[in-house]
Amino acid sequence: MNTGSPVPFVDPRTIVLLTGVMGGLMAIVLYFLQRNYPPSVKGLRYWTAGTATLFAAGLTAATRGLTPDLLSITLANLLVFSGVYLQLVGSEHFFGQKPRYWPRYRLIGMLVLVSGWFTIVEPQYLPRLMISIFVMSWLFSAHALLILRHGGRSFAYRFTLFVLVCALLSQVMRFATAWFLPTGTGILDTTPQNLIYIISYPFLMLLLAISLVLMATDRVRAEFEHLASHDSLTNALTRRNLTDVCQQELERCKRHGRTMSILLIDIDHFKSVNDNFGHQAGDRVLVQFVSAVTTLLRRADAIGRLGGEEFVVVLPETPTEVALIVAERIRAKVRELDDPARFTVSIGVATNRPGTDSVDALMARADRAMYQAKEQGRDQVVLG
């Protein structure tokens, strides 16, 4: 008759190994994303390195009792902390933040040394556990705050925030139970609270890796949508999207009796710019022009490129007299630009007419006014 202790329904060593294997698989996924996603999606390299480090941590921790504690405990802790830290750094790069690498990692290294003291010199599990809880809680909370501040409202960001909050709560529960339940002697103990943590940890790390993939995919989708709706050179709206914006605003004016205006702008003697200074200078003029105009527009306004050197500015809730003021400001701003080409613009202004006005009719009036400005000597504003 077997009188030994009961066999736990899960083997902690198997779960730890499983954590490592899942981390390795997700590291492979992130690696191929890094190879195939556009360079504008930052942070993938650090996410890949962090997830791969967690894979190594899982394998190292699973050797507890088979290798020296310096490797299976101290090194495993360093790898876990480093992996979670690298994922945080990856997210900072992803959101365009400048990470402070060494001040934070030096603190992690010092805490690992203290943990090593309580592993080799004065073996005590509780101090090691408290250090681990502190570091993991710190990294998870910093990561969650980063997503909360800089992430959008899409599912990918909300899911990532949810996973990080769950990971943080697991550390809080681990801290609370350590003071009134037996802590055991290590990560492979079969105490109920340790088993719960061991089971939940790999799933949380897997979900975190999946959420990072979702964030990267969401960013690529947003970039493709932006490229589809914006001119690749100037970042102004494409002709198709400009027409859609103008149509929507015109319909809103018809429904609510509002007023809108458009400015049709043509860069004067643009062919001469290309002939005298080269096509690269011509591209620079287009980019500089759109950038300058954008600084004068409101959030609700829009600028789009009709083609070549012709642009349209849509001004919602703008009567004729205000549109003329905006047009004059744009004309004056262009004259002040510090560019060797020294270009000017001719601007035609048109305001919607109540009732039966259409986008084509509005554009046609602005176009006639713009050509009238050119016939009158260029570098001026004409109302259509």
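The coordinates are above.
Every residue gets a number counted from 1 within its own chain, in the order that chain's sequence is written. Per-residue local features are limited, in this predicted model, to residues with pLDDT of at least 70; the limit for side-chain atom pairs, both in listing and counting, is 80 or more; totals at the level of whole chains, interfaces and linings are taken over all residues. The basis for every side-chain value is the complete set of non-hydrogen atoms in the structure, without hydrogens or water.

(A) Fine view of the sheet that holds strand β2 (residues 302-307). Strands qualify as paired when DSSP identifies two bridges or more between them. Helix and strand assignments follow DSSP, with helices taken as H or I runs no shorter than four residues and strands as E runs no shorter than two, numbered in order from the N terminus. Pairing is mixed across the open sheet formed by five strands, whose spatial order is β2-β3-β1-β4-β5. The outermost strands of the open sheet, each flanked by one partner alone, are β2 and β5 (381-383). Sheet twist, expressed as the mean angle between neighbouring strand axes with direction ignored, is 20 degrees. Sheet analysis places strand β1 (residues 261-267) next to strand β4 (residues 345-351), joined by seven bridges and oriented antiparallel. Considered in β4, the bridge of Ile 262 is made with Ala 350. In this description, contact between two residues means that some pair of their heavy atoms is separated by no more than 4.5 Å. Axis definition: a line fitted to C-alpha atoms, limited for helices to the stretch in contact. Angles are taken between N-to-C directions and run from 0 to 180 degrees. This element, helix α8 (residues 239-256), spans β1, β2 and β3 (310-315) of the sheet and lies at about 135 degrees to β2. Across the sheet, helix α10 (residues 279-294) touches β1, β2, β3 and β4, and the angle it forms with β2 is around 155 degrees.

(B) A look at the packing of helix α3 (residues 69-94) against helix α4 (residues 101-121). Following both chains from N to C, one finds α3 and α4 inclined at 160 degrees, their axes separated by 10 Å at the closest point. The orientation of α3 relative to α4 falls into the category roughly antiparallel. As for the relative orientation of α3 and α4, their crossing is right-handed in sense. Partitioning the contact of α3 with α4 into residue classes produces twelve nonpolar, seven polar and three charged. In these notes the angle categories are as follows: under 35 degrees is roughly parallel, over 145 is roughly antiparallel, 65 to 115 is roughly perpendicular, and the rest is oblique. Two helices cross in a left-handed way if the nearer one is turned anticlockwise from the farther one by less than a right angle. They cross in a right-handed way if the turn is clockwise. When residues are grouped by polarity, Ala, Val, Leu, Ile, Met, Phe, Trp, Tyr, Cys and Pro land in nonpolar, Asp, Glu, Lys and Arg in charged, and all others, Gly among them, in polar.

(C) Region of interest: the pattern of salt bridges. The rule for a salt bridge is simple: a side-chain nitrogen of Lys or Arg has to be within 4 Å of a carboxyl oxygen of Asp or Glu. According to the stated counting rule, one finds 16 salt bridges in the structure shown. With a closest N to O distance of 3.2 Å, Arg 252 and Glu 317 form a salt bridge. With Arg 252 in helix α8 and Glu 317 in the loop between β3 and α11 (320-336), the pair connects residues that are 65 residues apart, well separated along the chain. A 1.4 Å probe rolled over the protein chains alone gives each residue an accessible area, and that area as a share of the maximum for its type sets the label: buried under 20%, exposed over 50%, partly exposed in between. Judged by its relative accessible area of 25%, Arg 252 falls in the partly exposed class. Close ionic contact of Arg 335 with Asp 379 constitutes a salt bridge, the shortest N to O distance being 2.4 Å. Here Arg 335, found in helix α11, pairs with Asp 379, found in the loop between α12 (359-375) and β5; they are 44 residues apart in sequence, far enough to count as distant. By relative accessible area, which is 18% here, Asp 379 ends up buried. A cluster of three or more residues bridged by salt bridges with shared partners is formed by Glu 249, Arg 252, Arg 258 and Glu 317.

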